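# Structural overview for review
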Amino acid sequence: MTSTSADGLMPFHAMEILKRAKAIEASGRTVCHLEVGEPGSPPAPRVIEAVAKALPQAQGYTNAKGLAELREGLAGYYAHQHGVAVDPDAILATMGSSAGFIIAFHAAFKPGARIAITRPGYPAYVNTLLGLGFAIAEIPVTAENGWKLTGADIVAAHAAEPFDGMLFASPANPTGAAVDREQMGDIVVTCKRLGVRLISDEIYHGLDYRGPSVSALELTREAIVINSFSKYYCMTGWRIGWMVLPDELVRRAEILQQNLFISAPTLSQIAATVALGEREYSEQQKAGYAANRGLLNDGLASLGFHMGSPSDGAFYAYADISRFSNDSMSFCEAMLDEAGVAATPGVDFDRVGGNRYVRFSYAGKQETVDVALERMRAFLK
Ligand SMILES: Cc1ncc(COP(=O)(O)O)c(C=O)c1O
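Residues numbered from 1 in each chain as written. Predicted model: local features only at pLDDT ≥ 70, side-chain atom pairs only at ≥ 80, totals over all residues.

Attention now goes to the site of the ligand. The full set close to the ligand counts 13 residues, and Gly96, Ser97, Ser98, Ser228 and Ser230 are the nearest of them. A total of three residues in the shell around the ligand trace back to one element, the largest contributor, which is helix H4 (residues 96-108). (Near = placed C-beta within 6 Å. Helix = DSSP H or I, 4+ residues; strand = E, 2+ residues; numbered from the N terminus.)

The structure is reproduced here in structure tokens:
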């Protein structure tokens, strides 16, 4: 385990790849985009229709917690999908899960508190925490253990360097690893025993290929749960998400929202309310990701990448490139320049071991995956 001091902000290497890809496209060449973690499809048609209708009347702020219809819809979602009763008053609509993190950190911790995250993990966790004056503890998760976080990992890291919070995602970015109910229970119980506040990032819920996603809310009311319409509902740019708070943090989170963001975007809240009823559309998108998932995993394995079994969830393949390179950034740059395939270097997610890995997103069209594999075959020769 390593920890980083509060001045260790990192660059976002994926953005460097994206900038390079745009320059290549401007020169007239095509690029297969497997670097971005966003669905290729728009939101459900009814979402667009509802927004078009609401546009003339939706100019103002909503109340800080968000539209009652949206929060009631979300309570319905928890009752239906997870079998748990959640009070709509404990739900806050946020400007994407990204804003949810800021509110969660300031609602639950004092500046300077240490929050544990997994390594590899979503890069914004480190940057947001450090940028806001919190400290981090990184807990390594390994391919051998399916990239899953365990209670024992948390105990070992806490013994080496105590921390106040644990932020983790299941399914995870960049590995797609998802814990089952028992494994989630282990994490919940361990955090409780150590007095560590759990923040469960459930943004990839619904995008699960081995069984239904387990919410921390099924096991505890002490965790902060963060979720978003970005991924499952294909709404990355709408900047709309939500959080569920334990009773004692609801008022403080509301006050933070009033002051930091006032409210989540009104039109996006209207869109999100409708999106909740359009899960059939989301399931159709998911079927496309599921097909891509197998195709990409098999294809990468046949090209010589070391692949485990396909990811449990989300829409990423985290591929071991050690047969080809020990420098993931240079590998991604060369693959982009020479083959026109954009992927994200593992160093974005893991500063220690990430040079051995590259993340491929399979959230786009099947054709993109097919062409990318073809181009990579020629490149790797
Ligand atoms: C694990 C994880 N959490 C949170 C986010 C941020 O999502 P948003 O702010 O769009 O809800 C992402 C985006 O890729 C992610 O991968």
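What follows covers the pairing of strand E4 (residues 114-119). By the criterion of burial, E4 is predominantly enclosed, with five of the six residues buried. Two strands pair when backbone bridges link them, and E4 and strand E5 (residues 135-140) are joined in this way by six bridges, in the parallel orientation. What sits directly across from Thr118, in E5, is Ile139. After leaving E4, the chain enters helix H5 (residues 123-131) and then returns to the sheet as E5, a path that is right-handed. (Buried ≥ 20, exposed ≤ 12 C-beta atoms within 10 Å, placed from the backbone. Pairing = 2+ DSSP bridges. Right-handed = clockwise from strand over helix to strand, strands pointing away.)

Quick look at helix H8 (residues 247-260) now. Over its 14 residues, H8 extends 20 Å from the first C-alpha to the last, a length consistent with the 20 Å expected when each residue adds 1.5 Å. Residues of H8 that are buried include every one of Leu249, Ala253, Leu256 and Gln257, and no others. The buried residues of H8 occupy an angular sector of 100° when the element is viewed end-on, so they sit on one face. More than 90 degrees from the buried face of H8, the exposed residues found are Asp247, Arg251 and Asn259. Phi turns positive, to about 65°, at Ile262, one or two residues after H8. (Expected span 1.5 Å × (residues − 1). Arc of directions from axis to C-beta.)

Our next topic: the sheet that holds strand E12 (residues 344-345). Strand order in the open sheet formed by three strands is E10-E13-E12, and the pairing between neighbours is antiparallel. Among the strands making up the open sheet, the edge pair consists of strand E10 (316-320) and E12. Bridge count between E10 and strand E13 (residues 357-361): five bridges; the pairing is antiparallel. Looking across to E13, one finds that Tyr316 is bridged to Ser361.

Mapped onto the fold, Asp153 is located in helix H6 (residues 151-160). With residues up to four places along the chain from it excluded, the contact list for Asp153 reads Ile139 and Val141. (Contact = placed C-beta atoms within 7 Å.)

Looking now at the nonpolar core. Core analysis: the biggest nonpolar cluster contains 116 residues, and Ala104, Ile224, Met243 and Ala319 have the highest contact counts within it. Top contributing element to this core by residue count: H4, with seven residues. The residues that make up this core include at least three from each of domain 1 (3-42 + 280-380) and domain 2 (45-278). If sequence neighbours within four positions are ignored, Ile224 has contacts with Ala104, Ala108, Ile199, Met243, Leu245, Pro246 and Leu249. (Core = buried A, V, L, I, M, F, W, Y, C linked by C-beta atoms within 7 Å. Domains from an automatic or database assignment.)

Now for the domain arrangement of the chain. Once the domains are mapped, the chain shows domain 1 (3-42 + 280-380) and domain 2 (45-278). Facing 35 residues of domain 1, the contacting portion of domain 2 comprises 37 residues. For the side of domain 1 that touches domain 2, the secondary-structure elements that each account for two or more residues are strand E1 (3-4), helix H10 (279-303) and E10. Looking at the side of domain 1 that touches domain 2, the element that brings in the most residues is H10, giving eight residues. Looking at the side of domain 1 that touches domain 2, its residues break down into 15 nonpolar, 12 polar and eight charged. (Nonpolar A, V, L, I, M, F, W, Y, C, P; charged D, E, K, R; others polar.)

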